[in-house]
Amino acid sequence: MECSPPRRGRPPSFDRETALHRAMEVFWAVGYDAATLSQLKEAMGGLCSPSLYAAFGSKEQLFREALDLYQGSVCRWASVALANEDTREAIAGLLRQAALQYSMPDQPRGCMLDLATFNFAPASAPIRDLLRERRHLGEAALRARLELGITRGHLPQGTGTAAMAGFYRTVLVGLSIQAQDGASRERLLAIADGAMFAWDGWLRAAA
């Protein structure tokens with residue numbers, strides 16, 4: 001179908017925020033490389049290629065904005081969980097909220113940050129590196145919260161916070177993959193609760 005871009009490359013009814021949210025859901029559901037421009041344009045209200053490029057610049061830039069939107073809105077539950085005064089409850093709450101959020105019925109399952117990285121083409125190396133950096137930042141936030149727990153006396157001095165953060169970050173990735181594979185919410189919650197049995201082991205190792 002012929003598509004002539006209107007003034008400034010946007011259709012008269014163009015809503016940038018809505019279009020970005022719909023693009024985010026496509027990337028979240030299928031990943032970066034697998035998301036085609038046709039899928040993105042259709043999801044974003046039937047945009048023409050010139051309109052999409054005028055609004056977002058490129059597929060890579062669109063993904064970067066979609067990822068920022070995902071982390072700044074969909075993932076707010078993570079920072080809320082980590083703000084719990086009690087360190088153990090902060091981590092337990094993070095895992096349980098992940099189990100709940102990754103299995104919501106009205107959105108793609110799992111975590112966009114983890115699942116958008118599968119099967120990257122060489123040309124997509126900048127996106128691969130971006131996601132790797134964001135994941136490292138997420139693990140650093142976990143470690144910082146555990147270090148705060150030492151300061152508050154919730155964890156003993158000498159607790160291996162680097163390994164502990166890596167362990168619980170790995171659990172989060174596992175929950176995401178399990179969710180995408182169709183695991184029930186009950187199963188995800190059981191995994192989240194089970195991971196907390198390791199907590200006392202970390203404390204004993206530090207004692």
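Residues numbered from 1 in each chain as written. Predicted model: local features only at pLDDT ≥ 70, side-chain atom pairs only at ≥ 80, totals over all residues. Heavy atoms only, no water.

In the annotation of an unreviewed UniProt entry, the protein is listed under the name TetR/AcrR family transcriptional regulator and assigned to Teichococcus aerophilus.

(A) Looking closely at the overall build of the protein. When you go through the protein residue by residue, the secondary structure sums to 11 helices and 0 strands. Its helices and strands in sequence order give the protein the pattern α-α-α-α-α-α-α-α-α-α-α, from N to C terminus. Counting every position in the protein, which comprises 207 residues, the buried fraction comes to 41%. Within the protein, contacts between residues separated by at least 24 positions form 70% of all contacts whose residues are at least 6 apart in sequence. Carbon and sulfur atoms provide 53% of the accessible area of the protein, an area that totals close to 10,700 Å². One finds the centroid of the 23 positive side-chain charges in the protein at a distance of 2 Å from the centroid of its 22 negative side-chain charges. (Helix = DSSP H or I, 4+ residues; strand = E, 2+ residues; numbered from the N terminus. Buried < 20%, exposed > 50% of the residue type's maximum accessible area, 1.4 Å probe, protein only. Contact = heavy atoms within 4.5 Å. Areas by Shrake-Rupley, 256 points an atom, 1.4 Å probe, with all protein chains shown as cover. Lys, Arg positive; Asp, Glu negative; His and termini not counted. Charge placed at Lys NZ, Arg CZ, Asp CG, Glu CD.)

(B) Local environment of the UniProt feature "domain: HTH tetR-type" (unreviewed entry) in the protein. The positions that UniProt labels "domain: HTH tetR-type" (unreviewed entry) are, in the present scheme, residues 20-66. Each end of residues 20-66 is marked by a C-alpha atom, and these two atoms are 6 Å apart; helix forms 72% of the span and strand 0%. (UniProt positions renumbered as here; feature names shortened; annotations may be inferred.)

(C) The arrangement of the state of the cysteines in detail. Enumeration according to the criterion identifies 0 disulfides in this entry. With no disulfide partner, Cys 111 has as its closest neighbouring cysteine sulfur the one in Cys 75, 5.4 Å distant. You can call Cys 111 buried: its relative accessible area is 6%. (Disulfide = S-S within 2.5 Å.)

(D) Highlighting the packing of helix 8 (residues 125-151) against helix 9 (residues 161-180). In the contact formed by helix 8 and helix 9, the axes pass within 9 Å of each other and the chain directions differ by 130°. Considering their axes alone, helix 8 and helix 9 lie oblique with respect to each other. Here helix 8 and helix 9 pass one another in a crossing that is right-handed. Counting all contacts with helix 8, which are made through Arg 135, Glu 139, Leu 142, Arg 143, Leu 146, Glu 147 and Ile 150, the residues of helix 9 involved are Thr 161, Ala 162, Met 164, Ala 165, Gly 166, Tyr 168, Arg 169 and Leu 172. (Axes fitted to C-alpha atoms, helices over the stretch in contact; angles between N-to-C directions. Parallel < 35°, antiparallel > 145°, perpendicular 65-115°, else oblique. Left-handed = near helix turned anticlockwise from the far one by under 90°.)

(E) View of the environment of Thr 87. Summarising the element assignment, Thr 87 is placed in helix 6 (residues 87-101). Judged by relative accessible area, which is 0%, Thr 87 ranks as buried. Sequence separation between Thr 87 and Leu 146 is 59 residues, and the spatial gap between their C-alpha atoms is 6.8 Å. Excluding residues within four positions of it along the chain, Thr 87 makes contact with Arg 145, Leu 146, Gly 149, His 154, Leu 155 and Trp 199. Within the structure, the side chain of Thr 87 is placed 3.1 Å from the side chain of Arg 145, a separation counted as a polar contact. In this structure the side chain of Thr 87 is engaged in a polar contact, spanning 2.8 Å, whose partner is the side chain of His 154. (Polar contact = N/O pair within 3.5 Å; in protein donor to acceptor, adjacent residues only side chain to side chain.)

(F) Fine view of the nonpolar core. Ranked by size, the top nonpolar core spans 58 residues in total, and within it Phe 27, Met 44, Leu 62, Phe 63, Met 112 and Tyr 168 carry the most contacts. In this structure Phe 27 touches Tyr 32, Ala 35, Leu 40, Lys 59, Leu 62, Phe 63, Ala 66, Met 112 and Ala 116, once residues within four positions along its chain are discounted. (Core = buried A, V, L, I, M, F, W, Y, C linked by side-chain atoms within 4.5 Å.)

(G) Representation of the pattern of salt bridges within the structure. Summed over the entire model, instances satisfying the criterion amount to 9 salt bridges. One salt bridge connects Asp 68 with Arg 134, and the closest N-O pair in it is separated by 2.9 Å. Of this pair, Asp 68 sits in helix 4 (residues 59-74) while Arg 134 sits in helix 8, and the two are 66 residues apart along the sequence. On the accessibility criterion, Asp 68 (44% relative accessible area) is partly exposed. Among the residues examined, Arg 134 registers a relative accessible area of 19% and is labelled buried. With a shortest N-O distance of 3.6 Å, Arg 132 and Asp 129 are connected by a salt bridge. Linking Arg 132 with Asp 129, this pair stays in helix 8, spanning 3 residues, or about one helical turn. Through salt bridges with shared partners, one network takes in Arg 128, Asp 129 and Arg 132. (Salt bridge = Lys/Arg side-chain N within 4 Å of Asp/Glu carboxyl O.)

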